[in-house]
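The residues making up each chain are set out below.
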Amino acid sequence: EPEVTQTPSHQVTQMGQEVILRCVPISNHLYFYWYRQILGQKVEFLVSFYNNEISEKSEIFDDQFSVERPDGSNFTLKIRSTKLEDSAMYFCASTFGQGRTGELFFGEGSRLTVL
Amino acid sequence: AQSVTQLGSHVSVSEGALVLLRCNYSSSVPPYLFWYVQYPNQGLQLLLKYTSAATLVKGINGFEAEFKKSETSFHLTKPSAHMSDAAEYFCAVSGDNAGNMLTFGGGTRLMVKP
């Protein structure tokens, strides 16, 4: 069964370092998302991406964050200069069609720990 | 704007007992509602969704949820818990545009005792 895959599963980094989290969405999907969950808190929307551009972003997704689809398969989230509060589980998701009823398919998450 | 509240961050039931996980929502538009499950070390998996058709929605693994507009609720139930149901459950509401943005509740961790 097709699935969304994320790497790395866990990354530990020093504050101020750049981090890139990678995702391979399901191959025929067109819409891509990043969500995050700080330990003990809600899963929060970060950004959605379609047709090689950001379609929506939350207030969390500031200038320190960027997304890219560098080739036909990968979808990346970059954090330029990590802060302690960026420590969280980051989930990538994808879906085929737009619309409020669509099912999002999530990856297993990448746990980021910033020291 | 949308929001979701899940009452009870932890719920413990005995195997074979009824499972009831509570979800209340608020939405500025007619809501589309979802329950996702996360098993240990796995991603979020869709259990079921309400998209304005039948108010009683059946999902995978014997779970179902009932949309009650008057109560702004979408509680998740299962008649008889199984050990394999132990997981974290997230209720979510779709955004007020077509972008599939989901707003999640805080999650409820279900523990099943033998």
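The shown structure was predicted, so the numbers you read here are calculated from the model rather than taken from an experiment.

## What to know about the interface of chain A and chain B
- Contact residues are listed per partner, giving 21 residues for chain A and 28 residues for chain B.
- A combined buried area of about 2100 Å² lies between chain A and chain B, and 51% of that area is made up of carbon and sulfur atoms.
- The interface formed by chain A and chain B includes zero salt bridges.
- Joining chain A to chain B, the criterion identifies three residue pairs in polar contact (both at pLDDT 80 or more).
- Counting residues per element, the ones that place at least two in the side of chain A that touches chain B are β4 (31-37), β5 (43-50) and β9 (88-95) of chain A.

## Here's the deal with the pattern of salt bridges
Residues and elements named next belong to chain B.
- Inspection of every chain in the model, using the stated rule, returns four salt bridges over all chains.
- In this structure, Lys 78 and Asp 85 form a salt bridge, with 2.8 Å as the shortest nitrogen-oxygen distance.
- For Lys 78, a relative accessible area of 10% puts it in the buried group.
- Note that Glu 88 and Arg 109 form a salt bridge whose closest N and O atoms lie 2.8 Å from each other. Of the two residues, Glu 88 is situated in strand β10 (residues 87-94) and Arg 109 in strand β12 (residues 108-113); the sequence distance between them amounts to 21 residues.
- For Glu 88, a relative accessible area of 12% corresponds to the buried category.

## Concerning the layout of surface pockets
- Estimated volume of the largest pocket: approximately 1000 Å³.
- Lining the largest pocket are 43 residues, and of these Gln38(B), Tyr39(B), Gln42(B), Gly43(B) and Leu44(B) lie nearest its centre.
- Taken together, the residues of the lining of the largest pocket sort by class into 19 nonpolar, 17 polar and seven charged.
- Around the second largest pocket, the lining residues are Lys42(A), Val43(A), Glu44(A), Phe45(A), Ser58(A), Ile60(A), Ser3(B), Val4(B), Met101(B), Leu102(B), Thr103(B) and Phe104(B).
- Secondary-structure elements contributing two or more residues to the lining of the second largest pocket are β5 of chain A together with β1 (3-5) and β11 (102-104) of chain B.
- Classifying every residue of the lining of the second largest pocket gives seven nonpolar, three polar and two charged.

## Topic: the nonpolar core
- Counting 27 residues, the largest nonpolar core has Trp35(B), Leu48(B), Phe74(B), Leu76(B) and Tyr89(B) as the members making the most contacts within it.
- Among the elements of the structure, β2 (10-14), β3 (19-21), β5 (33-38), β6 (44-50), β8 (64-68), β9 (73-78), β10 and β12 of chain B are those that each provide at least two residues to this core.
- The greatest single-element share of this core, amounting to four residues, is contributed by β10(B).
- When sequence neighbours within four positions are dropped, the list of residues in contact with Phe74(B) reads Cys23(B), Leu33(B), Phe34(B), Trp35(B), Leu48(B), Lys49(B), Tyr50(B), Val57(B), Ala65(B), Glu66(B), Phe67(B) and Cys91(B).
- Within the second largest apolar cluster, 23 residues are counted, among which are Leu21(A), Phe65(A), Leu77(A) and Leu112(A).

## A short note on the side chain of Ser94(A)
Residue and element names in this part refer to chain A.
- The residue Ser 94 is located in strand β9 in this model.
- A polar side-chain atom of Ser 94 sits 2.7 Å from a polar atom in the side chain of His 29.
- Setting aside anything within four residues of it in sequence, one finds Ser 94 in contact with Val 4, Pro 25, Ile 26, His 29, Tyr 31, Phe 32, Tyr 33, Glu 103, Leu 104 and Phe 105.

## Side note on the side chain of Gln6(A)
All names here are of chain A.
- Note on placement: Gln 6 falls in strand β1 (residues 5-7).
- There is a polar contact of 2.9 Å between the side chain of Gln 6 and the backbone nitrogen of Cys 92.
- A distance of 3.0 Å separates a polar atom in the side chain of Gln 6 from the backbone nitrogen of Gly 109.
- Apart from the residues within four sequence positions on either side, Gln 6 is in contact with Arg 22, Cys 23, Trp 34, Tyr 90, Phe 91, Cys 92, Gly 107, Glu 108, Gly 109 and Ser 110.

## Section: the packing of aromatic side chains
- Counted by the stated rule, this structure contains 18 aromatic pairs over all chains.
- Here Phe63(B) and Tyr89(B) contribute two aromatic rings whose centre-to-centre distance is 5.4 Å and whose plane-to-plane angle is 45 degrees, an arrangement assigned as tilted. Of this pair, Phe63(B) sits in the loop between β7 (56-58) and β8 while Tyr89(B) is found in strand β10, placing the two residues 26 residues apart along the sequence.
- Each residue in the set Tyr35(A), Phe45(A), Phe91(A), Phe106(A), Phe34(B), Tyr36(B), Phe90(B) and Phe104(B) is aromatic and connected to the rest through ring pairs, giving one cluster.

Cut-offs applied
Residues numbered from 1 in each chain as written. Chains lettered and ligands numbered in written order. Predicted model: local features only at pLDDT ≥ 70, side-chain atom pairs only at ≥ 80, totals over all residues. Heavy atoms only, no water. Contact = heavy atoms within 4.5 Å. Buried area = accessible area lost by both parts, 1.4 Å probe. Salt bridge = Lys/Arg side-chain N within 4 Å of Asp/Glu carboxyl O. Polar contact = N/O pair within 3.5 Å; in protein donor to acceptor, adjacent residues only side chain to side chain. Helix = DSSP H or I, 4+ residues; strand = E, 2+ residues; numbered from the N terminus. Buried < 20%, exposed > 50% of the residue type's maximum accessible area, 1.4 Å probe, protein only. 1 Å grid on protein atoms, 1.4 Å probe; cavity = no way out; pocket = protein on both sides within 12 Å on 5 of 7 lines; lining within 4 Å. Points joined across faces, edges and corners; volume = space filled by probe spheres on them. Nonpolar A, V, L, I, M, F, W, Y, C, P; charged D, E, K, R; others polar. Core = buried A, V, L, I, M, F, W, Y, C linked by side-chain atoms within 4.5 Å. Phe/Tyr/Trp six-rings, centres within 6.5 Å; stacked < 30°, edge-to-face > 60°.

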